[in-house]
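Structure at a glance
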Amino acid sequence: LKTFKNITCTFCGALCDNIEVKVKDNKIEELKNACAISRKKYEHALKDRTVPMINGQESTYQKVIEKAAEILKNSKNPLIYGLSSTTAEAQKNAVKLAELTGANIDSTSSVCHGPGTMAKQLVGMVTATLGEIKNRSDLMVFWGANPVEAHPNHSKRYTMLAEGLFKKSRSDREVIVFDVRKTPTAKMADQFIRVEPGKDFELLMALRLIINGKEPESKNGKIAGLDLAEIEAAAEKLKSANYGSIFYGMGLTMTGAKYMNTWAAMSLIRDLNNDQQRRFVMMPMRGHGNVAGSEITMAWQTGYPFAVNFSKAYPRYNPGEYTAVDLLANKEVDAAFIIASDPVGNLPKKAAAHLKDIPTIILDPHWNFTSDFADVVIPSALKGITASGTVYRMDHVPLHLRAFLEDEWPNDQEAVAEIGELIENA
Ligand code: SF4
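Predicted model, so just to flag it, every value in this text is computed and none were measured.

**So, the site of the ligand**
The environment of the ligand is formed by C9, F11, C12, L15, C16, C35, S38, H151, P152 and N153. For the ligand, the cavity whose grid points lie within 2 Å of the majority of its atoms is the largest cavity. Here the shell around the ligand is composed, by residue class, of seven nonpolar, three polar and no charged.

Quick look at the structure:
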């Protein structure tokens, strides 16, 4: 058995970099420090792999790359979509390909934390590394997020149960959960505050008013399903922290007022930080392993985090117009290149249906619903298992992925670059 230590798990945005893997005959024999999600994913990693396919017929790797280049070259308005489960190097090459083909480029961020990113552009976000939060935060708030189920190792590595420098254990931290239902994370908290569905914005604004010394108005003595006294008590709790941290999930970004929810939460942080004695930070609980990287890489390359259009040869940004769901649902794109994603399995039906009507290329190590309909299937190596590269954790800390198994297929980065070279040299 060969042992690999400090392997980075890419199966969620927490990117735990303490996984120990024992390997024999190019197979994983033992895993240490893996959570229930990652254990299942590692076990499945070498199964259901894709092979090169064109129109349902098995082909060669070279031919699928050539066919992909031909489709994108002949397209008048292509879409490049996915990107959140691949490396920063592949994301960078995808942006280059979008520029070359005048494509729209969008990541899965537009259907998860994109609204939070738009709010960040309006009001700014005070944040920190997970290490700093682990060491210092005495009040942790989870709002519309359920890491106990979605990021199982997050709480013991960075938050509730982590051993920090100054905050050593669960008893050194107060934990509050705001959510519409009592999740497993809420069961671990000191206090669970049930928010009326779709009313997060009202509650956040009420908290802001109280923290700023004003009284919020309410019709029947209730706001977001809570008595004013309960909201005042929550505001007092927030004010009592020395170092507070708010982790938010899609329960905040994709419900009710959407990006205005996150705007209100970021504004609440700003209000709380007006007291010089207190520090508050905020962080999205990112789902896909490198979804944070997709925004960072795209912003570094184009100036914008997602929903970018290159039809005029320079980047233009407009969520709602250049986001994949809108482009597909409005039938505005005539070809699609899906990188490490499964839009047929995840996007609204109307958007996914258009993918079945246009030439679609998928680059993914595993077979998924989109592969079933794709005209071209390009296999690829497994990020963090058979392919190395760079990924960004939810707190924007970049981590290196080390390959510990061998693969017969090249990685995403090479495939995307090769398609670009064929188009450039045609
Ligand atoms: Fe992997 Fe996320 Fe589990 Fe950590 S919490 S081991 S990154 S799936």
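The structure having been displayed, the exposition proceeds.
**Some thoughts on the side chain of T10**
As for its placement among the helices and strands, T10 is situated in the loop between strand 1 (2–7) and strand 2 (19–24). Since its relative accessible area comes to 17%, T10 is described here as buried. The residues contacting T10, other than those within four sequence positions of it, are L15, G289, K383 and L401.

**Comments concerning the layout of surface pockets**
By volume, the largest pocket is sized at about 1200 Å³. The wall of the largest pocket is formed by 46 residues, among which F11, K41, S85, H288 and A340 lie closest to the centre. Elements with a minimum of two residues in the lining of the largest pocket: helix 1 (36–44) and helix 15 (343–346). The element best represented in the lining of the largest pocket is helix 1, accounting for three residues. Here the lining of the largest pocket is composed, by residue class, of 20 nonpolar, 20 polar and six charged.

**Digging into helix 4 (residues 114–123)**
Within the span of helix 4, buried status applies to G114, P115, G116, T117 and A119. Against the buried residues of helix 4 lie strand 13 (243–248), helix 11 (250–253), helix 12 (259–272) and helix 13 (291–302). Within two residues after helix 4, G124 carries a phi angle of roughly 80°, on the positive side.

**Focus on the sheet that holds strand 3 (residues 27–32)**
Spatial ordering of the open sheet is given by 1-2-3, a layout of three strands whose pairing is antiparallel. Looking at strand neighbours, the two that pair on one side only are strand 1 and strand 3, the edges of this open sheet. Strand-to-strand twist in this sheet, taken as the mean axis angle between neighbours without regard to direction, amounts to 25°. One ladder, built from five bridges, connects strand 2 with strand 3; its direction is antiparallel. From the neighbouring strand, V21 faces strand 3, where its bridge partner is L31.

**Let's talk about the pairing of strand 17 (residues 335–339)**
Counting buried residues in strand 17 gives five out of five residues, a clear majority hidden from the surface. Residue alternation in strand 17 divides its side chains into two sets, A335, F337 and I339 and A336 and I338, and both sets are buried. With five bridges joining them, strand 6 (residues 78–82) and strand 17 adopt parallel strand pairing. Looking across to strand 17, one finds that L79 is bridged to A336. Bridge count for strand 17 against strand 18 (residues 360–363) is four bridges, and the pairing is parallel. Bridging across to strand 18, I338 finds its partner in I362.

**Remarks on the side chain of D342**
With respect to the element layout, D342 can be found in the loop between strand 17 and helix 15. Despite its burial, D342 remains without a salt bridge, the nearest opposite charge being carried by K356 at 9.8 Å. Those residues within four positions of D342 in sequence are excluded, and the remaining contacts are N368, F369 and T370.

**Things to note about the pattern of salt bridges**
Evaluation of the coordinates by the stated rule reveals 14 salt bridges. Of the charged contacts in the structure, one is a salt bridge between K237 and E174, with a shortest N-O distance of 3.3 Å. Taken together, the residues span a long stretch of sequence, with K237 in helix 10 (residues 228–239) and E174 in strand 9 (residues 174–179) at a distance of 63 residues. In this structure K237 comes out as partly exposed when scored by relative accessible area, which is 29%. E295 is the salt-bridge partner of R286, the closest N and O atoms lying 3.4 Å from each other.

Thresholds applied
- Residues numbered from 1 in each chain as written.
- Predicted model: local features only at pLDDT ≥ 70, side-chain atom pairs only at ≥ 80, totals over all residues.
- Heavy atoms only, no water.
- Near = heavy atom within 4 Å.
- 1 Å grid on protein atoms, 1.4 Å probe; cavity = no way out; pocket = protein on both sides within 12 Å on 5 of 7 lines; lining within 4 Å.
- Sits in = over half its atoms within 2 Å of the grid points.
- Nonpolar A, V, L, I, M, F, W, Y, C, P; charged D, E, K, R; others polar.
- Helix = DSSP H or I, 4+ residues; strand = E, 2+ residues; numbered from the N terminus.
- Buried < 20%, exposed > 50% of the residue type's maximum accessible area, 1.4 Å probe, protein only.
- Contact = heavy atoms within 4.5 Å.
- Points joined across faces, edges and corners; volume = space filled by probe spheres on them.
- Pairing = 2+ DSSP bridges.
- Axes fitted to C-alpha atoms, helices over the stretch in contact; angles between N-to-C directions.
- Lys, Arg positive; Asp, Glu negative; His and termini not counted.
- Salt bridge = Lys/Arg side-chain N within 4 Å of Asp/Glu carboxyl O.

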